[in-house]
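One letter stands for each residue in the lines below.
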Amino acid sequence: MIDTVTYGLTQTLPGGPIVRPEEPVFTPSQIDDEATGPATRGGLIAGFISLGLLAAAGAYLGLAL
């Protein structure tokens, strides 16, 4: 993809617009390795709690409407 901001700002230059590739928002080295690591007991408990809260909210909305 091209950098549309730079292209838009330089569209009217006599030599033509500047076209350059768009830079990624983040590099793969900035990705947290802990997020892709093995599941921990605390993470599993938090997942079950959040799933229970989501199901309870869905049930409440389903019954309230």
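Preceding this paragraph is the structure being described.
Note that the structure is predicted; figures quoted are calculated from it, not measured.

Conventions used here
Residues numbered from 1 in each chain as written. Predicted model: local features only at pLDDT ≥ 70, side-chain atom pairs only at ≥ 80, totals over all residues. Heavy atoms only, no water. Helix = DSSP H or I, 4+ residues; strand = E, 2+ residues; numbered from the N terminus. Buried < 20%, exposed > 50% of the residue type's maximum accessible area, 1.4 Å probe, protein only. Areas by Shrake-Rupley, 256 points an atom, 1.4 Å probe, with all protein chains shown as cover. Contact = heavy atoms within 4.5 Å. Patch = residues over 30% accessible without salt bridge, like charges linked within 9 Å, V, L, I, M, F, W, Y side chains within 5 Å. Salt bridge = Lys/Arg side-chain N within 4 Å of Asp/Glu carboxyl O. Polar contact = N/O pair within 3.5 Å; in protein donor to acceptor, adjacent residues only side chain to side chain.

To continue, consider the overall build of the chain. Across its full length, the chain holds 2 helices and 0 strands. For the chain, the residues scored as buried account for 5% of the 65 residues in total. Carbon together with sulfur atoms contributes 68% to the accessible area of the chain, which is approximately 5900 Å² in total.

Now for the side chain of threonine 6. Structurally, threonine 6 can be placed in helix 1 (residues 4-9). Those residues in contact with threonine 6, other than ones at most four positions away along the chain, are Ile18 and Arg20.

On to a nonpolar patch on the surface, then. Taken together, the side chains of Leu44, Phe48, Leu51 and Leu54 present a nonpolar region at the surface, about 470 Å² in accessible area. Its relative accessible area of 62% is what places phenylalanine 48 among the exposed residues.

With that out of the way, let us pick up the environment of proline 17. With respect to the secondary-structure elements, proline 17 resides in the loop between helix 1 and helix 2 (41-64). Residue classification places proline 17 among the partly exposed residues on the basis of a relative accessible area of 34%. Spatially, the C-alpha atoms of proline 17 and threonine 6 are 8.2 Å apart, while their sequence positions differ by 11 residues. With near-sequence residues (within four places) excluded, proline 17 lies in contact with Tyr7, Thr10 and Gln11.

Glancing now at the side chain of threonine 10. Relative to the elements of secondary structure, threonine 10 occurs in the loop between helix 1 and helix 2. On the basis of relative accessible area, threonine 10 is assigned to the buried category, the value being 12%. Of note is the side chain of threonine 10, whose polar atom sits 2.7 Å from the backbone oxygen of threonine 6. Not counting the four nearest positions on each side in its chain, threonine 10 is found in contact with Gly16, Pro17 and Ile18.

With respect to the helices, strands and loops of the structure, glycine 8 is situated in helix 1. Taking the C-alpha atoms as reference points, glycine 8 and valine 19, 11 residues apart in sequence, are found 9.6 Å from one another.

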